[in-house]
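Letter by letter, the chains look like this.
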Amino acid sequence: MSETAQQYTQRILGYVEGKPALDVLAATAETLERLIEGVPAAKLRKRPAPNRWSVGEILAHLADGEIVGAFRMRLILGAPGASVAAYDQDAWVTSGHYETRDPRQSLEQFRVVRDGNLALLKSLEPEQWKHYGVHSERGQESIEQIARMFAGHDLNHLWQVERILTS
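The shown structure was predicted, so the numbers you read here are calculated from the model rather than taken from an experiment.

Cut-offs used in this document
Residues numbered from 1 in each chain as written. Predicted model: local features only at pLDDT ≥ 70, side-chain atom pairs only at ≥ 80, totals over all residues. Heavy atoms only, no water. Pairing = 2+ DSSP bridges. Helix = DSSP H or I, 4+ residues; strand = E, 2+ residues; numbered from the N terminus. Salt bridge = Lys/Arg side-chain N within 4 Å of Asp/Glu carboxyl O. Buried < 20%, exposed > 50% of the residue type's maximum accessible area, 1.4 Å probe, protein only. Axes fitted to C-alpha atoms, helices over the stretch in contact; angles between N-to-C directions. Parallel < 35°, antiparallel > 145°, perpendicular 65-115°, else oblique. Left-handed = near helix turned anticlockwise from the far one by under 90°.

Asks: What am I meant to see in the pairing of strand 3 (residues 139-142) here?
Replies: The two faces of the sheet receive side chains in turn, since in a regular strand these alternate between them. Pairing analysis gives four bridges linking strand 2 (residues 132-135) to strand 3, with the strands arranged antiparallel. Note on strand 3: the bridge partner recorded for Val134 is Gln140. Hairpin remark: strand 2 followed by strand 3, antiparallel, with three residues in the connecting loop.

Shown next as C-alpha cells:
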C-alpha cells in the first residue's frame, strides 16, 4: 500500500513533532556512526527482505537526499517561489548502485553535506525561514518545513537502521 504525498508529509512531520528540527539534524550523523560502529560491511549491505533497503542503501539514500536538500534550499533562498522537482528514490537506489557503495563512505558524505546545510540554516534571517518553493508532489514548502521534513526523515531512517541491526 503506497501513501499519498499528503500522508507521507503528515507521517514524516509527526516523527519530529515537539522536537527542535535543528537538534535532530545536528545529531543524526553521530547517531548513525554509533549505530554502525563495529558492524561488518557485509551485514550493512544485507537486505532484511528482498523489497527492503539494507543499512548501506539507507546510508547512500541519506547521502544523496542531503545533496537534494542542499540544492532545494539554496534554490528557494535564491529564487523564492521556485519549482522544486520530486525524484524517484527507488530509481536512484538502482541507478546509483547503492548496493555497491561503501556504507561508511556514504555516511561521511552525508555528514559533510549535512554540516554545510546546518551552517546555512543557522545563518538564515528569520524571514528567510518563510521562503518557499513549490514541490511537484507536495505543493508549497517553506525552508522551515523542509528542515522539519528532513529531521522527520532522519528519524524514520534511524529507526529503520536500528530495527535492521537488532533483528
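Once you've had a look at it, read on.
Asks: Looking at this structure, how should I read the pattern of salt bridges?
Replies: Where side chains of opposite charge bring their charged atoms close, a pairing between them can arise. The full count for this structure, using the stated rule, is ten salt bridges. Among the salt bridges present, the one from Arg34 reaches Glu30, with a minimum N-O distance of 3.9 Å. Of this pair, Arg34 and Glu30 both sit in helix 2 (residues 21-36), four residues apart, which is roughly one turn of the helix. The pair formed by Arg34 and Glu30 is uniform in burial state, with each residue classed as exposed. In this structure, Glu144 and Lys130 form a salt bridge, with 2.7 Å as the shortest nitrogen-oxygen distance.

Asks: Just to check I follow, could you spell out the packing of helix 4 (residues 55-78) against helix 6 (residues 103-123) for this structure?
Replies: When two helices pack together, their arrangement is given by the angle between their axes and by how far apart the axes lie. At a minimum axis distance of 8 Å, the contact between helix 4 and helix 6 shows a crossing angle of 25°. Taken as axis vectors, helix 4 and helix 6 run roughly parallel relative to one another. By crossing handedness, the relation of helix 4 to helix 6 is classed as left-handed.

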